[in-house]
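Chain residues, written in single-letter form:
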Amino acid sequence: MDFSSLYVKEGRAISKAKGSLLIAESIPGIKFNEMVDIQLGNGEVKSGQAIDISEEAAIIEVFGGVSEVDLIGSKIRCKGETLKLPVSIDISGRIFNGMGEPIDGGSRVIPEDYLDINGEPINPALRQPPAEFIETGISAIDGLNALVRGQKLPIFSGSGLPHNRIVAQIIRQATVKGKEERFALVFAAIGISYDDASFFMRNLERTGALERTVAFINTASDPVIERISTPKLALTAAEYLAWKQNMHVLVILTDMTNYCEALRELSSMREEIPSRRGYPGYMYTDLATMYERAGRILGKEGSVTIMPILTMPDDDITHPIPDLTGYITEGQIVLSRNLERKGVYPPIDVFLSLSRMMKEGIGPSKTREDHNNVFMQSYAAYAEGCYLREISTIIGAEALGERDKIYLTNADEFERKFISQGEWEKRTVEDTLDIAWELFSTLPEEDLKLIKEEFIKKYLPKYRK
Amino acid sequence: MGKIWRVSGPLVIADDMKGSQVYEVVEIGEEGLVGEIVGLEGNKAIIQAHEDTLGLKVGEVVRGTGRILSAELGPGLVGSIYDGLQKSLLTLGENIGPFIKRGAKASALPRDKKWQFTPKVKVGDAVSQGDIIGVVPETNLIEHRIMVPLGIKGTIKEIRQGDYTVEEPVTWIENGNEVKELTLMQEWPVRKPRPYKQRFDPSGLLTTGMRILDYMFPLALGGKASIPGGFGTGKTVALQQLARWAQTHLNIYVGCGERGNEMSDVLTSFRELKDPNTGILLQEKEIFIANTSNMPVVAREASIFVGITMAEYFRDMGYDILVVADSTSRWAEAMREMSGRLEEMPGEEGFPSYMGSRLSSFYERAGMVECLGNPERKGSVTVAGAVSPPGADFSEPVTQNTLRIIDALYALDVSLANKRHFPSINWLTSYSLYVDAVKDWWNEYDPGWEDTRASALRVLQQEAELEEIVRLVGPEALPEGDKLLLLTARMIREDFLQQSAYHEVDTYCMPAKAGLMLKTIMKFYELAQEMLNSGAGIESIRSSPMVYRISRMKDIPNEAFEQRVKELWSEMDQSLVTGKRVP
């Protein structure tokens, strides 16, 4: 194989270098979004990507920034390829950086194929609706916001909240009932601190999950621009494992807020017209192109489930990052600082959390026949209790009627018994539902309007013998 | 033939393009990616690419096609699933597998399928544009009426009966010494509204099976509505419900920049669900356009216009059509992205200043019309568009521009959704200007509709006012009459407005049932007021078994409802009147 042919075109006349952009005179034959090497005067080589090409100029985005680039001695060489990830089954158990290069000291992957990191859209007519319940062992998720295979369900957190611990718990405990299948984990660390990244890696090691994990690590000290490619590499690896190797893949992306920040930084360098709070107008599309890679395909065995983590700046759910994410993902698990302060773990805000795929994944033969009813009734009862709690802060609990007092206590118990659980406690979905029935028994029976009568007779503790 | 001069995302500038026209479709590069000229400058053409431009090179060829972006119209549309450019997604799947590769082609109408054509005119008849010359039974629910395309008239020289594909000629029309061949298929440029004889005001109820719409904020045939809502407010579910149960001849569901999994969920459910009136599978009266959020951005606009063009085509046959677009905000965002790349002067929040007029050019194609041609017929297109306001803030430009055009607003409310009150349509901020347009329809069906509706809305309004006081003094400190009002309002909210899309019976509520349900609650209110006046306590009313019975009304099937509710009424008369005697 003739490697020199990889470098077909070369350009020298660079007219501008700023931030992470180079503007060079037009390079004949350069492709849109092609990868290029920039050889500096001192011999160092940087990678870049052509983001705007014309007969007059080529604009190159340089990974790692333009430091030390000089306008006279540097050369741009085209590689003739867009950014691709070399894949083979040997990527399992490996750790890569944000450019897809191994950083675990091991050798390069001998590729079976090179895949474009942007992927291709799944034909919506050939998708299979996700319907397999994943038991995470966490009541607030399984009972009220069930996760199913092929779903994209983010965790909206805030700085200082225990999202890492919750995700680690999900990774430890997640199973699909009654199935032994090939399962893989893809982990992308995007601009997070070294400590957070090593917390995850240690956890994976401890549970023995590391060997079926592919990790892409871009820590806070790594180049910002590689944050853009990190999640895409991870998803490309996930797609390879799911669609070529028939595995069920769970993708953890943390922290997507850093990805969006990087996107904004890049957009402002490109001098694009900003949309809300300086984020580019195409951020929705950009995020959607990644998250939509989750799913199941008719006739294929594997699946891609995505669980992105993002920290809401100032706990504000209307901030563009959580807002746009919520419009794309199939629900969200929102963590609450209030519950955290009350000492509730996991502090999952039941009202703001939602799983859009839940109804498909629960019910007879999937979880239990009463699941949907229990979910609705728990919800309604807790909502009523919280509303009364709000009123009672003004008028005092004593001014409430008898029925209202019952609901008030019920809400406290719900937080204490149902939402709260141990970090190492794995509850089956039956346990979760039974806790809910336990709590219903304190309510007036005629108030259980959202539950079918036959289930009341079957599951309410006082009828159970 | 020109060549690529610049590529920047979906924006391509081509040189040597003299002789092209704006909105002409072009094929870009060796792969022939579909693009559309949006501007001309000297020899250069500014092109928006409807497919991913990754890997294009400066200097590659750009071919003009001489045609404007058009939709194929003919038998085979109903039940199909298209992408934004009207490529059949199932054909694409058969040809290239489950991933969409750019440059892949698939025609909208199947070319090999034969349709049974029955003429409705005979040799020697004079025909002109819009005349129905024959019919094809397309599905069990839709008779496809073949019309003379625009600009053609003359006398029938020959007309055939039998099985034909969409490309085979079936009719010859002679005008002077010119003879035109007609096939079952025609084309229409998607950005151009199809003409009609005369336009009417929207009238008659578009039955949706959703109580809060049909009874409280009705949508009229030929009307236009908007459903704005933050994420998680059930926008998509509400639109899916509309597309499922709306009692029109044909529904068109445009998924514009939305989720793939939800789209596949809709597609699957339509293969299983049956129309409540005819018992025929819903997919026989539905066309889908699925341009999910990861598919090319520019095609979002195309998807909306392809959808409305197909709707107008069926309207011209004399049908009532509903177009549901989820979500117009994604289309507006696509406009913003293109506008930014074209370096146009931005309007509010970076959206182009022509966004408002572009949105109107879609919504204004709704309407009830008298169609062109013979026989005389009326058809209508009703439009419901979702809006996804960032941060659920309705003051943003897309929502505000939409509000200026539409006449019915279904405002979805985050706090209702958080309480899991679905559909989370806020009864205080939503409105419908079609109340007068459907008055006659309702009064024939349910005399007294206006009064019942108004008094229920009044109770809800009073509840909102009392709510402020409750927050200060608590519910127990209110006078008995107000407590009863709160109880009634709660019953209206929970037992009438709330409706489960997933409950086998409750998912579709016939207007007659909706009317009786609300009347039952209002009757309860009246009787309970009498009880209070005669000295009964609010506790005895709250604990009345009637309250529970009313809450279970939803579960009673549509057919059995009238009988069962009569029983309920007589029981109510007895028990509440008895209650009155025993304080």
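Structure shown above.
All residue numbers refer to position in the chain's written sequence, counted from 1. Note on labels: chains are lettered from A, ligands numbered from 1, in written order. With pLDDT at 70 or above as the cut-off, local features in this predicted model cover only qualifying residues; side-chain atom pairs require 80 or more to be listed or tallied, and sums for whole chains, interfaces and linings still use all residues. Where side-chain values are given, they derive from all heavy atoms of the structure, hydrogens and water being excluded.

A.B. asks: I tried to follow the overall build of chain A on my own but got confused; where do I start?
C.D. replies: Looking only at helices and strands, chain A features 13 helices and 20 strands. Expected size for 465 residues packed as a compact globule is a radius of gyration near 23 Å; at 25 Å, chain A falls within 12% of this value. Each residue is assigned to one of three classes by its accessible area relative to the maximum for its type, calculated with a 1.4 Å probe on protein chains only: buried under 20%, partly exposed between the two thresholds, exposed over 50%. Residues classed as buried in chain A amount to 59% of the 465 residues present. Contacts are assigned to residue pairs with any non-hydrogen atoms lying within 4.5 Å of each other. Nonlocal contacts in chain A, meaning residues at least 24 apart in sequence, comprise 72% of its contacts between residues at least 6 apart. The distance from the centre of the 54 positive side-chain charges to the centre of the 69 negative ones in chain A is 3 Å. Only runs of H or I of at least four residues qualify as helices and only runs of E of at least two qualify as strands under DSSP, and these elements are numbered from the N terminus. C-alpha atoms define the radius of gyration, and 2.2 Å times the number of residues to the power 0.38 defines the globule rule. His is not counted, nor are the chain ends, whereas Lys and Arg count as positive and Asp and Glu as negative. The location of each charge is read from NZ of Lys, CZ of Arg, CG of Asp or CD of Glu.

A.B. asks: What should I look at first to understand the pattern of salt bridges in this one?
C.D. replies: When the charged atoms of two side chains lie near each other, side chains of opposite charge can form a pair. One side-chain nitrogen of Lys or Arg within 4 Å of one carboxyl oxygen of Asp or Glu is enough to make a salt bridge. Counted under the stated rule, the structure contains 73 salt bridges over all chains. Two residues, A:Arg296 and A:Glu132, come together in a salt bridge whose shortest N-O distance is 2.4 Å. Pair noted here: A:Arg296 is in the loop between α6 (283-291) and β18 (303-311) and A:Glu132 is in the loop between β10 (113-116) and β11 (133-135), with a separation of 164 residues, a long-range link. Classification of A:Glu132 as buried rests on a relative accessible area of 16%. Residues joined in a network through salt bridges with shared partners are A:Glu384, A:Arg403, A:Asp404, A:Asp447, A:Lys449, B:Arg490 and B:Glu494.

A.B. asks: Looking at this model, I keep getting lost on the nonpolar core. Mind explaining?
C.D. replies: For soluble globular proteins, the rule of thumb is that nonpolar side chains tend to be buried together. Buried Ala, Val, Leu, Ile, Met, Phe, Trp, Tyr and Cys residues form a nonpolar core when they are joined through side-chain atoms within 4.5 Å. Judged by nonpolar contacts, the single largest core of 164 residues is most densely connected at A:Ile252, A:Trp437, B:Met216, B:Tyr410, B:Ile492, B:Phe496 and B:Phe524. The greatest single-element share of this core, amounting to 11 residues, is contributed by helix α13 (residues 511-533) of chain B. Three or more residues apiece are contributed to this core by two domains, here domain 2 (85-361) and domain 3 (371-464) of chain A. The contact partners of B:Met216, leaving out residues within four places of it in the chain, are B:Arg211, B:Arg453, B:Ala456, B:Leu457, B:Phe496, B:Leu497 and B:Leu518. Core analysis: the next-biggest nonpolar cluster, separate from the first, contains 72 residues, B:Ile152, B:Ile159, B:Leu182 and B:Ala332 among them. The start and end points of each domain follow an automatic or database-based domain assignment.

A.B. asks: How do you make sense of unusual backbone geometry when you look at a structure like this?
C.D. replies: Residues A:Thr254 and A:Asp255 are joined by a peptide bond in cis, for which omega reads 5°. Mapped onto the fold, A:Asp255 is located in the loop between β17 (248-254) and α5 (256-269). One non-glycine residue with positive phi stands out, namely A:Asn33, at about 70°. Within the secondary structure, A:Asn33 sits in the loop between β3 (21-25) and β4 (34-39). On the basis of relative accessibility, which here comes to 16%, the residue A:Asn33 falls in the buried class. Phi at B:Ala392 takes a positive value of approximately 55°, unusual for a residue other than glycine. In this structure B:Ala392 comes out as partly exposed when scored by relative accessible area, which is 28%.

A.B. asks: I tried to follow the packing of aromatic side chains on my own but got confused; where do I start?
C.D. replies: Each aromatic ring pair is summarised here by two numbers: the centre-to-centre distance and the angle between the ring planes. Stacked, edge-to-face and tilted are the three classes for Phe, Tyr and Trp ring pairs, Trp counted by its six-membered ring, which pair at centre distances within 6.5 Å; planes under 30 degrees apart are stacked, over 60 edge-to-face, the rest tilted. Counting across every chain of the model gives 26 aromatic pairs over all chains. Measuring from centroid to centroid gives 5.2 Å for B:Phe270 and B:Phe288, while their planes differ by 85°, and the two rings are edge-to-face. You can see B:Phe270 sitting in helix α4 (residues 260-272) and its partner B:Phe288 sitting in strand β21 (residues 286-292), a full 18 residues away along the chain. Residue classification places B:Phe270 among the buried positions, given a relative accessible area of 0%. Among the aromatic residues, ring-to-ring pairing joins A:Phe351, A:Phe375, A:Tyr379, A:Tyr382, A:Phe414 and A:Phe418 into one connected group. If you follow B:Lys44 out to its NZ or CZ, it ends over the ring of B:Trp5, 4.5 Å from the centre. The rule for a charge over a ring is simple: NZ of Lys or CZ of Arg within 6 Å of the ring centre, and within 35 degrees of the ring normal.

A.B. asks: What exactly am I supposed to notice about the sheet that holds strand β15 (residues 171-175) of chain B here?
C.D. replies: Whenever strands of a sheet pair, they do so through backbone hydrogen bonds, lying parallel or antiparallel. All names here are of chain B. Any two strands are treated as partners once DSSP identifies two or more bridges connecting them. Taken in spatial order, the four strands line up as β10-β13-β15-β16 in an open sheet, and their pairing is antiparallel. Each end of this open sheet is capped by a strand with a single partner; those strands are β10 (126-127) and β16 (178-182). As paired elements, strand β13 (residues 154-159) and β15 share four bridges and run antiparallel to each other. Considered in β15, the bridge of Thr155 is made with Glu174.

A.B. asks: Sorry, what's going on with the sheet that holds strand β13 (residues 155-157) of chain A here?
C.D. replies: Residues and elements named next belong to chain A. Taken in spatial order, the eight strands of this open sheet run β9-β16-β15-β17-β18-β13-β19-β20, and their pairing is mixed. Edge positions in the sheet fall to β9 (95-96) and β20 (348-355), since each of these pairs with one other strand and no more. By the bridge criterion, seven bridges tie strand β15 (residues 183-192) to strand β16 (residues 213-219) in an arrangement that is parallel. Within β16, the residue paired with Leu185 across the bridge is Thr213.

A.B. asks: Is there a simple way to think about the interface of chain B and chain A in this case?
C.D. replies: Many analyses report the size of an interface as the accessible area lost when the parts associate. With 76 residues of chain B in contact, the opposing surface of chain A contributes 81 residues. Put simply, buried area is the surface a 1.4 Å probe can reach on two separate parts but cannot reach once they are joined, added for both. Carbon and sulfur atoms make up 56% of the area that chain B and chain A hide from each other, which totals about 6500 Å². Per-residue buried area on chain B facing chain A is highest for B:Phe231, B:Asn261 and B:Arg420; these three make up 13% of the total on that side. Put simply, chain B and chain A have eight salt bridges between them.

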